[in-house]
Amino acid sequence: MEQTSSRQGGTPREDGVQSPHSHTHDPQEIRAIVNRLSRSIGHLESVKKMLEDGKDCADVLIQLSAVRSEINNAGKLLLKEHMEHCIVEAVEQNDTASIEKMNKAIDMFMK
Ligand SMILES: [Zn+2]
């Protein structure tokens, strides 16, 4: 059941578009995660180039695993950020659907 009238903290955007969820994030934290993902994209591009250039497969694998850890770390940061802001609010507002959804996402992320 939605109780939009009693919602707090969800800053409505000027253009009236709802964010994916009504909870708020720290924009600086989100920016930091976006920057990390941009670096990982660059890193992955360089791995692609290594393959194209016929670099040693062991070296390519090492770099691939480095990209994988970067992506995992970005996911962990997002998870922490989401726990600190959205999930805390969801618990306060008894928003069980959001908590349930996050549980499923954590299962997929940890797999
Ligand atoms: Zn969130």
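The structure contained in this document is the topic of the report that follows. (Residues numbered from 1 in each chain as written. Predicted model: local features only at pLDDT ≥ 70, side-chain atom pairs only at ≥ 80, totals over all residues.)

### Some points on the packing of helix H1 (residues 27-52) against helix H2 (residues 57-92)
As a reminder of what qualifies: Throughout, an axis means a line fitted to C-alpha atoms (over the contacting stretch in the case of helices), and angles, computed between N-to-C directions, take values from 0 to 180 degrees. What counts as a helix is a DSSP run of H or I of at least four residues, what counts as a strand is a run of E of at least two, and both are numbered from the N terminus. In what follows, roughly perpendicular refers to angles from 65 to 115 degrees, roughly parallel to angles under 35, roughly antiparallel to angles over 145, and oblique to any angle outside these ranges. Each crossing gets its handedness from the near helix: less than a right angle anticlockwise from the far helix is left-handed, clockwise is right-handed. Note that contacts rest on C-beta atoms placed from the backbone: two residues are in contact if these are within 7 Å. Three classes are used: nonpolar for Ala, Val, Leu, Ile, Met, Phe, Trp, Tyr, Cys and Pro, charged for Asp, Glu, Lys and Arg, and polar for all others, with Gly counted as polar.
Running from N to C, H1 and H2 point in directions that differ by 165 degrees, and their axes come no closer than 10 Å. Taken together, the axis directions place H1 and H2 in an arrangement best described as roughly antiparallel. Considering only the axes of H1 and H2, their crossing is left-handed. In this structure, H1 contributes Glu29, Ile33, Arg36, Leu37, Ser40, His43, Leu44, Val47, Met50 and Leu51 to the contact, and H2 contributes Asp59, Val60, Gln63, Leu64, Ala66, Val67, Glu70, Ile71, Ala74, Leu77, Leu78 and Glu81. In the contact of H1 with H2, the residues fall into 14 nonpolar, three polar and five charged.

### Brief notes about the packing of H2 against helix H3 (residues 96-110)
Axis separation between H2 and H3 bottoms out at 11 Å; the angle between their running directions is 165 degrees. Viewed along their axes, H2 and H3 adopt a mutual orientation that is roughly antiparallel. The two elements H2 and H3 cross, and the hand of that crossing is left-handed. From H2, Gly75, His82, Cys86, Ile87 and Ala90 reach across to H3, where they touch Ser98, Ile99, Met102 and Phe109. Along the lines of polarity and charge, the residues of the contact of H2 with H3 split into six nonpolar, three polar and no charged.

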